[in-house]
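Chain by chain, the residues:
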There are 2 protein chains.
Amino acid sequence: MGTKNGVGILKKERVSSGLKGNCIVAQSGGPTAVINESLGGVIQEAQRHEEIKEIYGARNGILGLLKEELIDLRKEKSSTIESLRTSPGAALGSCRYRLKSWSESRKDLEKIIEICRRYNLRYFFYIGGNDSMDTAYKVDEAAKRMNYQMEVIGIPKTVDNDLVFTDHCPGFGSAAKYLAISVMEAGRHLESLYDSERIIILETLGRNTGWLAGSCALAKRSEEDAPHLIYFPEIPFSLDKFIKDVKEIYHKIDRVFIVVSEGLRDEKGNYVCARRNRVSTDAFGHPELEGVSHYLKERIESRLELKTRTIKPDICQQSAIHFASKVDMEEAYLVGREAVKSALKGKSGYMITIRREKGRVYKRRTSTAKLSLAANLEKRVPRRWINRKGNFVTREFIEYVRPLIQGEVDIAVQKGLPYYPRLEKRRWNTFLS
Amino acid sequence: MGTKNGVGILKKERVSSGLKGNCIVAQSGGPTAVINESLGGVIQEAQRHEEIKEIYGARNGILGLLKEELIDLRKEKSSTIESLRTSPGAALGSCRYRLKSWSESRKDLEKIIEICRRYNLRYFFYIGGNDSMDTAYKVDEAAKRMNYQMEVIGIPKTVDNDLVFTDHCPGFGSAAKYLAISVMEAGRHLESLYDSERIIILETLGRNTGWLAGSCALAKRSEEDAPHLIYFPEIPFSLDKFIKDVKEIYHKIDRVFIVVSEGLRDEKGNYVCARRNRVSTDAFGHPELEGVSHYLKERIESRLELKTRTIKPDICQQSAIHFASKVDMEEAYLVGREAVKSALKGKSGYMITIRREKGRVYKRRTSTAKLSLAANLEKRVPRRWINRKGNFVTREFIEYVRPLIQGEVDIAVQKGLPYYPRLEKRRWNTFLS
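The rules behind the values
- Residues numbered from 1 in each chain as written.
- Chains lettered and ligands numbered in written order.
- Predicted model: local features only at pLDDT ≥ 70, side-chain atom pairs only at ≥ 80, totals over all residues.
- Helix = DSSP H or I, 4+ residues; strand = E, 2+ residues; numbered from the N terminus.
- Buried ≥ 20, exposed ≤ 12 C-beta atoms within 10 Å, placed from the backbone.
- Contact = placed C-beta atoms within 7 Å.
- Axes fitted to C-alpha atoms, helices over the stretch in contact; angles between N-to-C directions.
- Parallel < 35°, antiparallel > 145°, perpendicular 65-115°, else oblique.
- Nonpolar A, V, L, I, M, F, W, Y, C, P; charged D, E, K, R; others polar.
- Pairing = 2+ DSSP bridges.
- Domains from an automatic or database assignment.
- Least-squares fit on C-alpha atoms with pLDDT ≥ 70 in both.
- Left-handed = near helix turned anticlockwise from the far one by under 90°.
- Expected span 1.5 Å × (residues − 1).
- pLDDT = per-residue confidence, 0-100.

Visitor: Where do I start with the overall build of chain A in this structure?
Guide: Regarding its fold elements, chain A presents 13 helices and 17 strands. Burial status across chain A gives 57% buried among its 433 residues. The long-range fraction of contacts in chain A, counting pairs at least 24 apart against all pairs at least 6 apart in sequence, stands at 75%.

Here is the structure:
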């Protein structure tokens, strides 16, 4: 196996680990539109291998393992698994529970490994973002420390697209596509209303990175198309410059469609936020942000006297599967399958990654990166992919993201609305009785 | 022609007015996803009748007529008109310009009729909501007062669904469908996240009526499905009762998905709003509202200590054509065509309405109502369609709205995103030169 910059490439297939045992899969962090594709990929691939006996799901991520809330996924109908793949939310439930270092979280970690041992869990698949990769890493370390052989593989998932060592993250393409269509449609609305609101601010997710905000640029096919301005957490935000930018566009075309990332920061690195004194933190210690669009609306209205509306799709950009990207769905499924294949090759402590091959036509292949390196790092938008003024993307950004939003998904519709199945509640832990 | 409760029913076809002249069509007020279907209906029906010579469009509603910003719609390719029908925004542009009474707006009204005379406009079609119906009514009155023969027909359009004398309004069904799917998807997201946000508040449009908020109930197919609580402008809002409702659901199912209409009012009739002192008004004199979801989020967080997120789709619910209702699109087109047919029968001063026929299977037919009666009135959600507690709809509401969201629309997709054409700018007023 060649390793370069922490990225492990499966050059030669390793001999199967030969381990016979059960596998467990769990979902963690904020769901994406395609997180259940990865789950489906794990389950359906696991079903193909005789080394894997039982296929368990943990309820609400690592918490389900700690609480022994498990489901026997082999008992689900294959049609249920198939239709879950195109359902929003995390079918197994998710969590934001943080495992700390061995010394701090020893009790949790020992319990986890003890439970794994009890259920003969030999393959551990964790679907999530940076923090979840950290959880997977800690489980892998704990297993090694406790001399328990278990292959731990992380499966990347995040709309934020901020995982390192992977070209992009499953979940991002669908969120980008949903935001781009929202901007297209709302942009036409803004364009129509001559004597009313002339400014729209759409606030995207993205605490530290502007991947989602930048993707809204896909909506723009001609100069008059929305969006006109995009602001990134990567670029220190200046209110004066912002007001100047808005004024300039307004004088040119009589309207301005602005996209802002929730995580804008000023020159001093402080979050630009209406209620600075009320910033609180979530379980992972991240500040909770809100109100940047509202704050900027007030500034525009008071300084430019231009009526401004705000749009905040919030979790809709994480859950909107009805206009998901087919490429994204395929890749989410693929990384789930690859996780199983890697584990069966005896790999442990790795995250599946996607590598983009060079060339004009989009081609990808999967690879792996060490969890120890991938966990807790963030990939930011490169400076050269943001224009000089810091208020729009460059062509490179568009070329990067466009292949990821291609293709539409057919969802099952019943009486005018989609059919989104669930795993049946009554099945949780039924196999224990 | 029989008239009952101000609703004129075309029982016998009247002899054609015989007027030969040009027609004009304009769009007014906030666009809906299907407003261009009505425009397409007018244009394509007008093309079928030899009494109608030129087909003009006014830019930005009545303002375009006042400024003589017109477009010759016969010069557009039929394929452009066809594809405009499934494009968001108002293709001709819209406005919120208010015509007041004859004595107050005499200058405007005289100018309008003078321009109509100059362009030999004999058929006047105005697509809009309550305020726009008032504009059409005033134009009709002014024409009569000035002895200018012109048939004026209003074409209903509003996501708010608050026009009287019509069973429902084109634009509403698509907004309802978009909101329902957003609630379904975001509801699954909420359900997945076990130890993080447990409360979601989604804020819908609806200044005085809860049609859109209530429609979110379509997302609910089982008890655990979102939404769990809905609040309407029709029901006086009590914060204490609200907090009690939220607490009750939370204790039962560990999460709460709440839908609120932007126009909630307290027992005294004052808007429930974060910034009461900053309520301003738009051109039609309506207060601009914002922040009800944000306000309630803060109340929940401080009184119940439960982390709460807000979703504000705002104008996306007016512009999202990518998941529009086919029934709504067909009806929007139908009322456009019917407007032309009515005008050609010599009717003037009427709005096209939709009547629902009795029976289990949804059937509709068009009819007309006097603009003088329809303008400026608002249809509110009947009390009996809201539950006793005032926090959800009844079965009757669901039975009313379900037929209106049926059927999906195919939109043209180019490179992963829709293709939404525009009328070409250079064509405006080209026929004058």
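Visitor: In this structure, what is going on with the packing of helix α4 (residues 102-118) of chain A against helix α5 (residues 130-145) of chain A? I would like to understand it.
Guide: Any two packed helices are characterised by the angle at which their axes cross and by the distance between the axes. Residues and elements named next belong to chain A. The interhelical angle for the contact between α4 and α5, taken along N-to-C directions, is 75°, at an axis separation of 10 Å. Regarding the angle of α4 to α5, the classification is roughly perpendicular. Together, W102, L109, I112 and I113 of α4 and K138, V139, E141, A142, A143 and R145 of α5 make up the contact between the two elements. Of the residues belonging to the contact of α4 with α5, the class tally is seven nonpolar, no polar and three charged.

Visitor: Which parts of the structure should I look at to understand the sheet that holds strand β9 (residues 229-231) of chain B?
Guide: Think of a sheet as strands paired side by side through backbone hydrogen bonds, with each pair either parallel or antiparallel. Residue and element names in this part refer to chain B. The strand order across the open sheet built from four strands is β9-β10-β8-β13, with neighbouring strands paired in parallel fashion. On the outer flanks of this sheet lie β9 and β13 (308-311), each paired with one strand and no other. Going across the sheet, the axis of each strand differs from the next one's by a mean of 20°, ignoring polarity. Strand direction decides the pairing type here: strand β8 (residues 199-204) and β13, joined by four bridges, are parallel. Paired with I200 across the strands is R309, a residue of β13. The strands that helix α8 (residues 239-253) touches are β8, β9 and β10 (256-261); relative to β10, the one it contacts most, it runs at about 155°.

Visitor: Please explain the sheet that holds strand β13 (residues 308-311) of chain A as it appears in this structure.
Guide: All names here are of chain A. One open sheet accounts for four strands, arranged β9-β10-β8-β13; its pairing is parallel. On the outer flanks of this sheet lie β9 (229-231) and β13, each paired with one strand and no other. Here the average twist between neighbouring strands, direction ignored, is 20°. Sheet topology note: the strand β8 (residues 199-204)/strand β10 (residues 256-261) ladder contains six bridges and is parallel. Each residue of the ladder has a partner; that of E203, found in β10, is V260. The strands touched by helix α6 (residues 172-192) within the sheet are β8, β10 and β13, with β8 carrying the most contacts at an inclination of about 170°.

Visitor: Sorry if this is basic, but what is going on with the domain arrangement of chain A here?
Guide: Interface size, as often reported, equals the accessible area lost upon joining of the parts. Residue and element names in this part refer to chain A. The domains assigned to chain A are domain 1 (2-170 + 324-377 + 409-432) and domain 2 (173-319). Listed by partner, the interface residues are 19 residues for domain 1 and 16 residues for domain 2. Its residues placed into classes, the side of domain 1 that touches domain 2 shows eight nonpolar, five polar and six charged.

Visitor: Would you mind showing me how to read the relation of the copies chain B and chain A here?
Guide: Note on the chain copies: they are related by a rotation about an axis and a translation along it. Superposition record for chain B on chain A: RMSD 0.0 Å, screw rotation 180°, translation along axis 0.0 Å. Such values leave the two copies arranged in the relation of a two-fold axis. Among all C-alpha atoms of chain B, that of K312 of chain B lies closest to the rotation axis, at 2.4 Å. When the interface residues of chain B are mapped onto chain A, 98% of them are again interface residues, pointing to one common binding face.

Visitor: What should I look at first to understand the packing of helix α1 (residues 35-46) of chain B against helix α11 (residues 326-344) of chain B in this one?
Guide: Residue and element names in this part refer to chain B. At a minimum axis separation of 7 Å, α1 and α11 run at an interaxial angle of 40°. By the angle class used here, α1 and α11 are oblique. Handedness of the α1/α11 crossing: right-handed. Here E37, S38, L39, G40, G41, V42, E45 and A46 of α1 come into contact with α11, specifically with M329, A332, Y333, L334, V335, G336, R337, A339, V340 and K341. The residue inventory of the contact of α1 with α11, partitioned by class, reads ten nonpolar, four polar and four charged.

Visitor: So what exactly am I meant to see when it comes to the pairing of strand β14 (residues 350-356) of chain B here?
Guide: The side chains of a regular strand alternate between both faces of the sheet. Residue and element names in this part refer to chain B. Across the seven residues of β14, five count as buried, placing the element largely inside the fold. Examined bridge by bridge, strand β7 (residues 151-156) and β14 share two bridges and lie parallel to one another. Each bridged residue has a counterpart across the sheet, and for G154 the counterpart in β14 is M351. Where β14 and strand β15 (residues 364-370) come together, seven bridges link them in antiparallel fashion.

Visitor: Any chance you could explain the interface of chain B and chain A here in plain terms?
Guide: Residue-level contacts link 57 residues of chain B with 56 residues of chain A. In terms of residue class, the side of chain B that touches chain A is built from 26 nonpolar, 18 polar and 13 charged.

Visitor: I keep staring at helix α6 (residues 172-192) of chain B and nothing clicks. Help me out?
Guide: The terminal C-alpha atoms of α6 of chain B, which comprises 21 residues, lie 30 Å apart, in line with the 30 Å expected from a rise of 1.5 Å per residue. Here α6 of chain B lies mainly inside the structure; 21 of its 21 residues are buried.

Visitor: Help me out: how do you make sense of the confidence of the model for chain A in this one?
Guide: Residue and element names in this part refer to chain A. Confidence in the prediction for chain A averages 91 pLDDT; 90% of positions are at 70 or higher. Here residues 1-15 is modelled with pLDDT under 50, and outside its nearest four sequence neighbours on either side it reaches 26 contacts, counting other chains as well. Low pLDDT, under 50, characterises residues 274-282; the stretch is placed with 15 contacts to residues that sit more than four places away or in other chains. Complex prediction metrics read pTM 0.93 and ipTM 0.92.

Visitor: How do you make sense of the environment of K241 of chain A when you look at a structure like this?
Guide: All names here are of chain A. Position of K241 among the secondary structure elements: in helix α8 (residues 239-253). The class for K241 is partly exposed, based on 15 C-beta atoms found within 10 Å. For K241 and M146, which are 95 residues apart along the polypeptide, the C-alpha to C-alpha distance reads 56 Å.

Visitor: So what exactly am I meant to see when it comes to the environment of P31 of chain B here?
Guide: Relative to the assigned elements, P31 of chain B resides in the loop between β3 (21-27) and α1. Residue classification places P31 of chain B among the buried positions, given that 30 C-beta atoms sit within 10 Å. Taking C-alpha positions, P31 of chain B is 7.1 Å from S319 of chain B, a pair spaced 288 residues apart along the chain. Look past the residues within four positions of P31 of chain B in its chain and what remains in contact with it is H189 and S192 of chain A together with G89, A90, S94, Q318 and S319 of chain B.

Visitor: Looking at this model, I keep getting lost on the environment of K347 of chain A. Mind explaining?
Guide: Residues and elements named next belong to chain A. In this fold, K347 is placed in the loop between α11 (326-344) and β14 (350-356). Owing to 20 C-beta atoms within 10 Å, K347 belongs among the buried residues under this scheme. Distance from K347 to M150, taken between C-alpha atoms, is 9.4 Å for residues 197 residues apart in sequence. Beyond its immediate stretch of four places on either side in the chain, K347 contacts E151, I153, S342 and T368.

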